[in-house]
Amino acid sequence: MKKRGRHLLALALSCSSYAAVAADQLVWSETYQRFMPTFAFVGSINGATVPGGASSALVTDPTRVKGPNGVEFAGGRLWWPDQQLNRVVSMLPDGTGFKTYNIAGAYDVDVQGGMLYVTRQNSGDILRLDLSLTFPSADVVSSGLSSPFAIDVTADGMFWSQVGTSNRLMRSNLDGSGAQTLLTGVNSYDFEVTGGYIYLTTTDGFVKRANLDGSGLTTLASGLGFLNGIDVTDDTIYVSALQGLFTTPQGNTTQGAGRIVRMALDGSDAVEVIRAQQDFDPNLPFNPSQVRGVAVLVPEPSAYAMLLAGLGLTGLAARRRRCG
(Lines give C-alpha, C1' and ligand atoms only; values in the text may rest on other atoms or scores of the structure.)
Protein backbone atom coordinates (compact mmCIF):
# COMPACT_ATOMS: atom_id res chain seq x y z
CA MET A 1 0.00 0.00 0.00
CA LYS A 2 1.32 3.43 -0.91
CA LYS A 3 1.45 6.18 1.67
CA ARG A 4 -0.46 8.86 -0.20
CA GLY A 5 -1.00 12.11 1.59
CA ARG A 6 -0.64 10.89 5.15
CA HIS A 7 2.05 13.46 5.92
CA LEU A 8 -0.65 16.13 5.60
CA LEU A 9 -2.65 14.53 8.39
CA ALA A 10 0.46 14.24 10.55
CA LEU A 11 1.10 17.93 10.00
CA ALA A 12 -2.46 18.88 10.78
CA LEU A 13 -2.47 16.93 14.02
CA SER A 14 1.01 17.91 15.17
CA CYS A 15 0.59 21.61 14.41
CA SER A 16 -2.96 21.99 15.71
CA SER A 17 -3.88 22.76 19.31
CA TYR A 18 -5.84 19.55 19.66
CA ALA A 19 -4.31 16.62 21.50
CA ALA A 20 -4.50 13.41 19.50
CA VAL A 21 -3.50 9.81 19.95
CA ALA A 22 -1.95 8.20 16.90
CA ALA A 23 -4.23 5.48 15.58
CA ASP A 24 -4.43 3.50 12.37
CA GLN A 25 -7.27 1.61 10.76
CA LEU A 26 -5.89 -1.81 9.85
CA VAL A 27 -7.36 -4.34 7.47
CA TRP A 28 -6.03 -7.88 7.13
CA SER A 29 -7.00 -11.23 5.65
CA GLU A 30 -7.35 -14.52 7.50
CA THR A 31 -7.82 -18.15 6.45
CA TYR A 32 -8.41 -21.39 8.24
CA GLN A 33 -9.55 -24.91 7.41
CA ARG A 34 -12.91 -26.11 8.67
CA PHE A 35 -13.02 -29.84 9.34
CA MET A 36 -16.60 -30.27 10.57
CA PRO A 37 -18.99 -31.21 9.07
CA THR A 38 -16.89 -31.19 5.87
CA PHE A 39 -13.36 -30.12 4.95
CA ALA A 40 -13.36 -26.60 3.53
CA PHE A 41 -11.28 -23.46 3.27
CA VAL A 42 -12.71 -20.43 5.07
CA GLY A 43 -11.49 -16.87 4.62
CA SER A 44 -12.34 -13.41 5.89
CA ILE A 45 -11.32 -9.79 5.57
CA ASN A 46 -11.05 -8.17 9.00
CA GLY A 47 -10.51 -4.72 10.42
CA ALA A 48 -9.64 -2.88 13.64
CA THR A 49 -8.38 0.47 14.82
CA VAL A 50 -5.05 0.19 16.62
CA PRO A 51 -4.02 0.65 19.27
CA GLY A 52 -6.84 -0.62 21.42
CA GLY A 53 -9.70 -1.25 19.01
CA ALA A 54 -11.68 -4.48 18.85
CA SER A 55 -11.39 -6.44 15.60
CA SER A 56 -14.37 -7.40 13.47
CA ALA A 57 -14.97 -9.32 10.26
CA LEU A 58 -15.67 -7.02 7.30
CA VAL A 59 -16.26 -9.69 4.65
CA THR A 60 -17.14 -13.36 5.23
CA ASP A 61 -19.33 -14.11 2.20
CA PRO A 62 -17.74 -17.28 0.71
CA THR A 63 -18.52 -16.08 -2.82
CA ARG A 64 -16.28 -13.06 -2.21
CA VAL A 65 -13.58 -14.35 0.10
CA LYS A 66 -12.37 -17.92 0.58
CA GLY A 67 -8.60 -18.12 0.17
CA PRO A 68 -7.34 -14.52 0.17
CA ASN A 69 -3.63 -14.08 -0.40
CA GLY A 70 -3.07 -10.80 1.37
CA VAL A 71 -4.98 -7.54 1.11
CA GLU A 72 -4.08 -4.15 -0.35
CA PHE A 73 -5.48 -0.61 -0.12
CA ALA A 74 -4.87 1.21 -3.39
CA GLY A 75 -6.79 3.64 -5.53
CA GLY A 76 -9.23 4.27 -2.69
CA ARG A 77 -10.34 0.63 -2.59
CA LEU A 78 -9.50 -2.62 -0.82
CA TRP A 79 -8.21 -5.43 -3.03
CA TRP A 80 -7.48 -9.09 -2.42
CA PRO A 81 -6.50 -11.91 -4.79
CA ASP A 82 -8.36 -15.10 -3.90
CA GLN A 83 -6.66 -18.31 -4.97
CA GLN A 84 -9.59 -20.52 -4.02
CA LEU A 85 -12.07 -18.47 -6.05
CA ASN A 86 -9.63 -17.70 -8.90
CA ARG A 87 -10.62 -14.04 -8.65
CA VAL A 88 -9.41 -10.62 -7.65
CA VAL A 89 -12.03 -8.95 -5.47
CA SER A 90 -12.35 -5.25 -4.65
CA MET A 91 -14.61 -3.08 -2.51
CA LEU A 92 -14.82 0.41 -1.09
CA PRO A 93 -13.67 0.81 2.54
CA ASP A 94 -17.29 1.18 3.69
CA GLY A 95 -18.11 -2.31 2.42
CA THR A 96 -20.00 -1.26 -0.71
CA GLY A 97 -19.19 -1.25 -4.42
CA PHE A 98 -17.94 -4.82 -4.80
CA LYS A 99 -16.13 -5.64 -8.05
CA THR A 100 -14.83 -9.00 -9.18
CA TYR A 101 -12.21 -9.82 -11.82
CA ASN A 102 -11.92 -13.45 -12.89
CA ILE A 103 -8.15 -14.00 -12.89
CA ALA A 104 -6.91 -17.50 -12.20
CA GLY A 105 -3.72 -17.84 -10.19
CA ALA A 106 -3.50 -14.23 -8.95
CA TYR A 107 -1.00 -13.85 -6.10
CA ASP A 108 -0.68 -10.10 -5.51
CA VAL A 109 -2.13 -6.86 -6.88
CA ASP A 110 -1.47 -3.14 -7.00
CA VAL A 111 -3.14 -0.14 -8.66
CA GLN A 112 -1.30 2.70 -10.34
CA GLY A 113 -2.56 5.27 -12.85
CA GLY A 114 -5.96 3.64 -13.17
CA MET A 115 -4.37 0.28 -14.01
CA LEU A 116 -4.62 -2.94 -12.00
CA TYR A 117 -1.39 -4.97 -11.94
CA VAL A 118 -1.54 -8.66 -11.02
CA THR A 119 1.25 -11.20 -10.47
CA ARG A 120 0.72 -14.87 -11.23
CA GLN A 121 3.39 -17.10 -9.72
CA ASN A 122 2.55 -20.31 -11.54
CA SER A 123 2.14 -18.61 -14.92
CA GLY A 124 5.31 -16.59 -14.47
CA ASP A 125 3.78 -13.33 -15.64
CA ILE A 126 2.39 -9.93 -14.65
CA LEU A 127 -0.99 -8.82 -16.01
CA ARG A 128 -2.37 -5.31 -16.42
CA LEU A 129 -6.05 -4.32 -16.61
CA ASP A 130 -7.50 -0.90 -17.48
CA LEU A 131 -9.94 -0.14 -14.65
CA SER A 132 -11.70 2.56 -16.66
CA LEU A 133 -13.24 -0.17 -18.82
CA THR A 134 -16.40 -2.02 -17.82
CA PHE A 135 -14.95 -5.38 -18.89
CA PRO A 136 -11.16 -4.90 -18.99
CA SER A 137 -8.98 -7.48 -20.68
CA ALA A 138 -6.02 -8.92 -18.80
CA ASP A 139 -3.02 -7.98 -20.92
CA VAL A 140 0.38 -9.55 -20.24
CA VAL A 141 2.88 -6.81 -19.46
CA SER A 142 5.76 -9.10 -18.46
CA SER A 143 6.24 -12.84 -18.99
CA GLY A 144 8.82 -15.59 -18.60
CA LEU A 145 9.40 -14.66 -14.96
CA SER A 146 10.52 -17.03 -12.22
CA SER A 147 7.76 -17.27 -9.58
CA PRO A 148 6.68 -13.60 -9.40
CA PHE A 149 4.86 -12.98 -6.13
CA ALA A 150 4.52 -9.56 -4.45
CA ILE A 151 4.19 -6.42 -6.57
CA ASP A 152 4.36 -2.67 -5.93
CA VAL A 153 3.95 -0.19 -8.77
CA THR A 154 5.04 3.45 -8.74
CA ALA A 155 4.43 6.21 -11.27
CA ASP A 156 7.49 5.18 -13.26
CA GLY A 157 8.21 1.54 -12.53
CA MET A 158 7.10 -1.93 -11.50
CA PHE A 159 8.76 -3.69 -8.57
CA TRP A 160 8.14 -7.36 -7.84
CA SER A 161 9.60 -10.17 -5.79
CA GLN A 162 10.49 -13.61 -7.12
CA VAL A 163 10.28 -16.47 -4.64
CA GLY A 164 11.14 -20.15 -4.53
CA THR A 165 14.51 -20.80 -6.16
CA SER A 166 14.84 -17.26 -7.53
CA ASN A 167 14.72 -15.29 -4.26
CA ARG A 168 15.18 -11.79 -5.60
CA LEU A 169 13.59 -8.36 -5.93
CA MET A 170 13.17 -6.98 -9.44
CA ARG A 171 12.30 -3.69 -11.15
CA SER A 172 11.25 -2.74 -14.68
CA ASN A 173 9.60 0.06 -16.58
CA LEU A 174 5.79 0.10 -16.58
CA ASP A 175 5.70 -1.67 -19.95
CA GLY A 176 7.91 -4.48 -18.65
CA SER A 177 11.05 -3.33 -20.43
CA GLY A 178 14.39 -2.68 -18.75
CA ALA A 179 14.05 -5.42 -16.13
CA GLN A 180 16.84 -5.47 -13.57
CA THR A 181 17.66 -7.29 -10.35
CA LEU A 182 17.83 -5.06 -7.27
CA LEU A 183 18.32 -7.66 -4.52
CA THR A 184 19.23 -11.35 -4.42
CA GLY A 185 18.99 -13.91 -1.64
CA VAL A 186 15.72 -12.56 -0.23
CA ASN A 187 12.56 -14.68 -0.14
CA SER A 188 10.03 -11.86 0.20
CA TYR A 189 6.28 -12.47 0.19
CA ASP A 190 5.59 -8.75 0.54
CA PHE A 191 7.40 -5.45 0.34
CA GLU A 192 6.61 -1.76 -0.06
CA VAL A 193 8.22 1.00 -2.07
CA THR A 194 8.08 4.44 -0.44
CA GLY A 195 9.48 7.77 -1.59
CA GLY A 196 13.02 6.87 -0.59
CA TYR A 197 13.24 3.21 0.39
CA ILE A 198 12.12 -0.33 -0.23
CA TYR A 199 10.84 -2.02 2.94
CA LEU A 200 10.52 -5.79 2.76
CA THR A 201 9.67 -8.81 4.86
CA THR A 202 11.19 -12.26 4.46
CA THR A 203 9.77 -15.69 5.16
CA ASP A 204 12.54 -16.32 7.69
CA GLY A 205 11.38 -13.50 9.96
CA PHE A 206 13.37 -10.45 8.89
CA VAL A 207 12.23 -6.89 8.19
CA LYS A 208 14.73 -5.15 5.93
CA ARG A 209 15.16 -1.81 4.18
CA ALA A 210 17.11 -0.86 1.06
CA ASN A 211 17.57 2.16 -1.14
CA LEU A 212 15.47 2.29 -4.30
CA ASP A 213 18.38 0.96 -6.37
CA GLY A 214 18.84 -2.00 -4.01
CA SER A 215 21.92 -0.64 -2.28
CA GLY A 216 22.30 -0.20 1.47
CA LEU A 217 20.36 -3.28 2.52
CA THR A 218 19.80 -3.04 6.29
CA THR A 219 18.11 -5.37 8.78
CA LEU A 220 15.54 -3.54 10.93
CA ALA A 221 14.05 -6.46 12.87
CA SER A 222 14.37 -10.25 13.03
CA GLY A 223 12.93 -13.34 14.68
CA LEU A 224 9.32 -12.55 13.76
CA GLY A 225 8.36 -15.87 12.14
CA PHE A 226 7.02 -16.47 8.64
CA LEU A 227 6.35 -12.90 7.49
CA ASN A 228 4.00 -12.44 4.55
CA GLY A 229 2.73 -8.85 4.71
CA ILE A 230 3.97 -5.30 5.25
CA ASP A 231 2.55 -1.78 5.14
CA VAL A 232 4.45 1.40 5.89
CA THR A 233 3.12 4.78 7.00
CA ASP A 234 5.04 7.98 7.71
CA ASP A 235 6.07 6.78 11.16
CA THR A 236 5.18 3.09 11.48
CA ILE A 237 5.81 -0.31 9.94
CA TYR A 238 3.15 -3.02 10.21
CA VAL A 239 4.06 -6.62 9.37
CA SER A 240 1.96 -9.77 9.40
CA ALA A 241 3.16 -13.23 10.40
CA LEU A 242 1.37 -16.29 9.04
CA GLN A 243 1.37 -17.97 12.46
CA GLY A 244 2.93 -17.53 15.89
CA LEU A 245 3.94 -19.93 18.63
CA PHE A 246 1.20 -20.96 21.06
CA THR A 247 1.52 -22.86 24.33
CA THR A 248 -1.47 -25.04 25.19
CA PRO A 249 -2.79 -25.35 28.75
CA GLN A 250 -1.03 -28.71 28.86
CA GLY A 251 2.30 -26.96 28.24
CA ASN A 252 2.79 -28.07 24.63
CA THR A 253 4.14 -25.55 22.10
CA THR A 254 2.65 -25.50 18.64
CA GLN A 255 1.87 -23.15 15.77
CA GLY A 256 -0.91 -20.78 16.80
CA ALA A 257 -2.75 -17.91 15.20
CA GLY A 258 -1.21 -15.34 12.91
CA ARG A 259 -0.18 -11.94 14.27
CA ILE A 260 0.33 -8.35 13.19
CA VAL A 261 3.28 -6.49 14.70
CA ARG A 262 3.76 -2.73 14.81
CA MET A 263 7.20 -1.06 14.98
CA ALA A 264 8.96 2.24 14.37
CA LEU A 265 10.56 2.94 11.00
CA ASP A 266 13.95 1.89 12.35
CA GLY A 267 12.52 -1.44 13.58
CA SER A 268 12.51 -0.49 17.25
CA ASP A 269 9.63 -0.77 19.72
CA ALA A 270 8.09 -3.82 18.04
CA VAL A 271 4.81 -4.83 19.66
CA GLU A 272 2.04 -7.25 18.73
CA VAL A 273 -1.19 -5.35 18.02
CA ILE A 274 -3.41 -8.03 16.45
CA ARG A 275 -3.73 -11.76 17.06
CA ALA A 276 -6.05 -13.76 14.83
CA GLN A 277 -8.76 -16.13 16.07
CA GLN A 278 -7.30 -18.82 18.29
CA ASP A 279 -9.91 -20.93 20.05
CA PHE A 280 -8.47 -23.91 21.88
CA ASP A 281 -10.63 -26.93 22.67
CA PRO A 282 -8.75 -30.06 23.82
CA ASN A 283 -11.55 -32.20 22.32
CA LEU A 284 -11.25 -30.72 18.80
CA PRO A 285 -8.41 -30.24 16.31
CA PHE A 286 -6.52 -27.01 17.05
CA ASN A 287 -7.27 -24.81 14.06
CA PRO A 288 -6.13 -21.20 14.56
CA SER A 289 -6.55 -18.62 11.79
CA GLN A 290 -3.58 -17.70 9.65
CA VAL A 291 -2.95 -14.04 8.80
CA ARG A 292 -2.19 -13.52 5.11
CA GLY A 293 -1.42 -9.80 4.86
CA VAL A 294 -2.06 -6.34 6.28
CA ALA A 295 -3.01 -2.92 4.93
CA VAL A 296 -3.52 0.48 6.54
CA LEU A 297 -6.51 2.51 5.37
CA VAL A 298 -5.31 5.99 4.46
CA PRO A 299 -7.88 8.54 3.22
CA GLU A 300 -7.42 9.90 -0.28
CA PRO A 301 -5.73 13.34 -0.62
CA SER A 302 -9.08 15.12 -1.01
CA ALA A 303 -10.00 14.07 2.51
CA TYR A 304 -6.82 15.62 3.83
CA ALA A 305 -7.52 18.84 1.97
CA MET A 306 -10.87 19.05 3.76
CA LEU A 307 -9.20 18.35 7.11
CA LEU A 308 -6.54 20.98 6.55
CA ALA A 309 -9.13 23.53 5.50
CA GLY A 310 -11.12 22.83 8.64
CA LEU A 311 -8.03 23.40 10.78
CA GLY A 312 -6.98 26.52 8.85
CA LEU A 313 -3.75 24.81 7.77
CA THR A 314 -4.16 24.68 4.00
CA GLY A 315 -1.42 27.24 3.44
CA LEU A 316 1.05 25.12 5.39
CA ALA A 317 1.04 22.23 2.95
CA ALA A 318 4.15 23.44 1.16
CA ARG A 319 6.00 23.68 4.49
CA ARG A 320 4.81 20.42 6.00
CA ARG A 321 8.28 18.90 6.44
CA ARG A 322 9.48 21.89 8.44
CA CYS A 323 6.71 21.80 11.03
CA GLY A 324 7.98 21.60 14.60
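Our structure is the block above this text.
Here the structure is a predicted model, which is why all the values come from computation and not from measurement. (Residues numbered from 1 in each chain as written. Predicted model: local features only at pLDDT ≥ 70, side-chain atom pairs only at ≥ 80, totals over all residues. Heavy atoms only, no water.)

1. A closer look at the sheet that holds strand β20 (residues 227–232)
Item 1. A sheet is described by the order of its strands in space; here four strands give the open sequence β20-β21-β24-β25, paired in antiparallel fashion. Strand pairing shows two members of the sheet lacking a second neighbour, β20 and β25 (271–275), which therefore form its edges. Sheet twist, expressed as the average angle between the axes of neighbouring strands with direction ignored, equals 25°. (Pairing = 2+ DSSP bridges. Helix = DSSP H or I, 4+ residues; strand = E, 2+ residues; numbered from the N terminus. Axes fitted to C-alpha atoms, helices over the stretch in contact; angles between N-to-C directions.)

2. Details of the sheet that holds strand β16 (residues 190–193)
Item 1. With antiparallel pairing, four strands are arranged side by side in an open sheet as β16-β17-β18-β19. Two strands close off the open sheet at either side, each with one partner strand: β16 and β19 (218–221). Strand-to-strand, the axes of this sheet are offset by a mean angle of 25°, without reference to chain direction.
Item 2. Judged from the four bridges that link them, β16 and strand β17 (residues 197–201) form a sheet pairing that is antiparallel. Counted as the bridge partner of Asp190 is Thr201 from β17.

3. What to know about a nonpolar patch on the surface
Item 1. On the surface, Phe35, Phe39 and Phe41 cluster together into a nonpolar patch covering about 300 Å² of accessible area.
Item 2. Residue placement: Phe41 occurs in strand β2 (residues 40–50). (Patch = residues over 30% accessible without salt bridge, like charges linked within 9 Å, V, L, I, M, F, W, Y side chains within 5 Å. Areas by Shrake-Rupley, 256 points an atom, 1.4 Å probe, with all protein chains shown as cover. Salt bridge = Lys/Arg side-chain N within 4 Å of Asp/Glu carboxyl O.)

4. Quick word on the pattern of salt bridges
Item 1. Here the structure, examined in full by the defined rule, presents four salt bridges.
Item 2. Notably, a salt bridge pairs Glu272 with Arg259, separated by 3.6 Å at the nearest N-O pair. Of this pair, Glu272 sits in strand β25 while Arg259 is found in strand β24 (residues 259–264), placing the two residues 13 residues apart along the sequence.
Item 3. Classification of Glu272 as partly exposed rests on a relative accessible area of 34%. (Buried < 20%, exposed > 50% of the residue type's maximum accessible area, 1.4 Å probe, protein only.)

5. Focus on the side chain of Gln162
Item 1. Mapping Gln162 onto the fold places it in strand β13 (residues 158–162).
Item 2. Within the structure, Gln162 has its side chain in polar contact with the side chain of Trp160 (distance 3.0 Å).
Item 3. With near-sequence residues (within four places) excluded, Gln162 lies in contact with Leu145, Ser146, Ser147, Pro148, Asn167, Arg168, Met170 and Val186. (Polar contact = N/O pair within 3.5 Å; in protein donor to acceptor, adjacent residues only side chain to side chain. Contact = heavy atoms within 4.5 Å.)

6. Some remarks on the nonpolar core
Item 1. By size, the foremost hydrophobic cluster in this structure holds 13 residues, and its most contacted members are Leu26, Trp28, Tyr238, Ile260 and Ile274.
Item 2. Of all the secondary-structure elements, those providing two or more residues to this core are β1 (24–34), β2 and β26 (290–297).
Item 3. Counting residues per element, this core draws most heavily on β26, which supplies three residues.
Item 4. Look past the residues within four positions of Ile274 in its chain and what remains in contact with it is Leu26, Trp28, Ala48, Val50, Gly258, Arg259 and Ile260. (Core = buried A, V, L, I, M, F, W, Y, C linked by side-chain atoms within 4.5 Å.)

7. Here's the deal with the side chain of Ser166
Item 1. Along the chain, Ser166 turns up in the loop between β13 and β14 (168–172).
Item 2. Judged by its relative accessible area of 12%, Ser166 falls in the buried class.
Item 3. In this structure the side chain of Ser166 is engaged in a polar contact, spanning 2.9 Å, whose partner is the side chain of Gln162.
Item 4. Polar side-chain contacts of Ser166 include one of 3.2 Å to the side chain of Arg168.

8. Things to note about the pairing of strand β9 (residues 115–120)
Item 1. When you tally the buried positions in β9, you get five out of six residues, the bulk of the element.
Item 2. In this structure, strand β8 (residues 108–112) lies alongside β9, joined through five bridges in antiparallel fashion. The residue of β9 that forms the bridge with Val109 is Val118.
Item 3. The turn linking β8 back onto β9 is made up of two residues, and Gly113 within it adopts a positive phi angle of 60°.
Item 4. For β9 and strand β10 (residues 125–130), the ladder comprises six bridges, and the chain directions are antiparallel. Residue Leu116 lies in a different strand from β10, and its bridge partner there is Leu129.
Item 5. Hairpin connection of β9 to β10: four residues between the antiparallel strands, including Gly124 at a positive phi of 65°.

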